[in-house]
Amino acid sequence: MRENPVRCSWVNDDPLYIRYHDEEWGVPVHDDRTWFELLTLEGAQAGLSWYTVLKKRERYREVMDGFDPEIVASYDAAKIDELMGDAGIIRNRLKLESAVQNAKAFLRVQTEFGSFDTYIWSFVEGRTIEGNRHLPEEVPARTDVSDRLSKELKKRGFKFVGSTICYALMQASGIVDDHLVGCQRGSGATPV
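Let me begin by describing the structure that accompanies this report. (Residues numbered from 1 in each chain as written. Predicted model: local features only at pLDDT ≥ 70, side-chain atom pairs only at ≥ 80, totals over all residues. Heavy atoms only, no water.)

This part takes up the packing of aromatic side chains. Taken as a whole and assessed by the stated rule, the structure comprises 12 aromatic pairs. Summarising the aromatic geometry, the rings of Phe-36 and Phe-106 are spaced 5.3 Å apart at their centres and angled 65 degrees between planes, so their arrangement reads as edge-to-face. Linking Phe-36 in helix H2 (residues 32–45) with Phe-106 in helix H6 (residues 93–113), this pair joins segments that are 70 residues apart in sequence. You'll find Phe-36 and Phe-106 in the same group, each marked buried. Ring centres of Tyr-60 and Phe-67 lie 6.4 Å apart, and the angle between their planes is 25 degrees; on these two criteria the pair is classed as stacked. Residue Tyr-60 is classed as buried on the basis of its relative accessible area, which comes to 2%. Assessed through its relative accessible area of 0%, Phe-67 is described here as buried. One aromatic cluster is present, built from ring pairs that chain together Trp-35, Phe-36, Phe-106, Phe-113, Phe-116, Tyr-119, Phe-123 and Phe-158. Positioned over the ring face of Tyr-75 is Lys-79, at 5.1 Å from the centre of the ring. (Phe/Tyr/Trp six-rings, centres within 6.5 Å; stacked < 30°, edge-to-face > 60°. Helix = DSSP H or I, 4+ residues; strand = E, 2+ residues; numbered from the N terminus. Buried < 20%, exposed > 50% of the residue type's maximum accessible area, 1.4 Å probe, protein only. Lys NZ or Arg CZ within 6 Å of the ring centre and 35° of its normal.)

The structure is reproduced here in structure tokens:
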């Protein structure tokens, strides 16, 4: 790693955030459990910052059974009440209930397509979209692909999957690589 690496401007100086940027954000995801985690956390982010969610991610993993969609799909009202009492996560009943509904929809997609990974990567023909953006203001909040993904997920019964959330999901999972060109991880960057 370079002594003073250049990172995307949204990264603060918290080692947790730096590690997320350097090792996870924009790296292609192909594991269904990771997909369900990202889908749940991106939905939890609605109206908040990703940094807020990232700081709570480990607690989410603990109390939501490692984001196992089969287990989360079985959560009942008592489990939601229990989660609502946990200050280590975002206590929003609609978001927690949507995680249960999304787990059920996620399992249906797995049954139909063999994996959620196969389904979601089909929106970009299995290839990462390279942003090749130079300035933060060039990064969109949504695109035609995120609009289409949002519409399709909603049809399949998913909640908290608006186009902006879907675009953030695409960025986090490597469907889109929006590291800026000048970033150590951006297009044309020198390997670290």
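Alright, that's what it looks like, and here's the rest.
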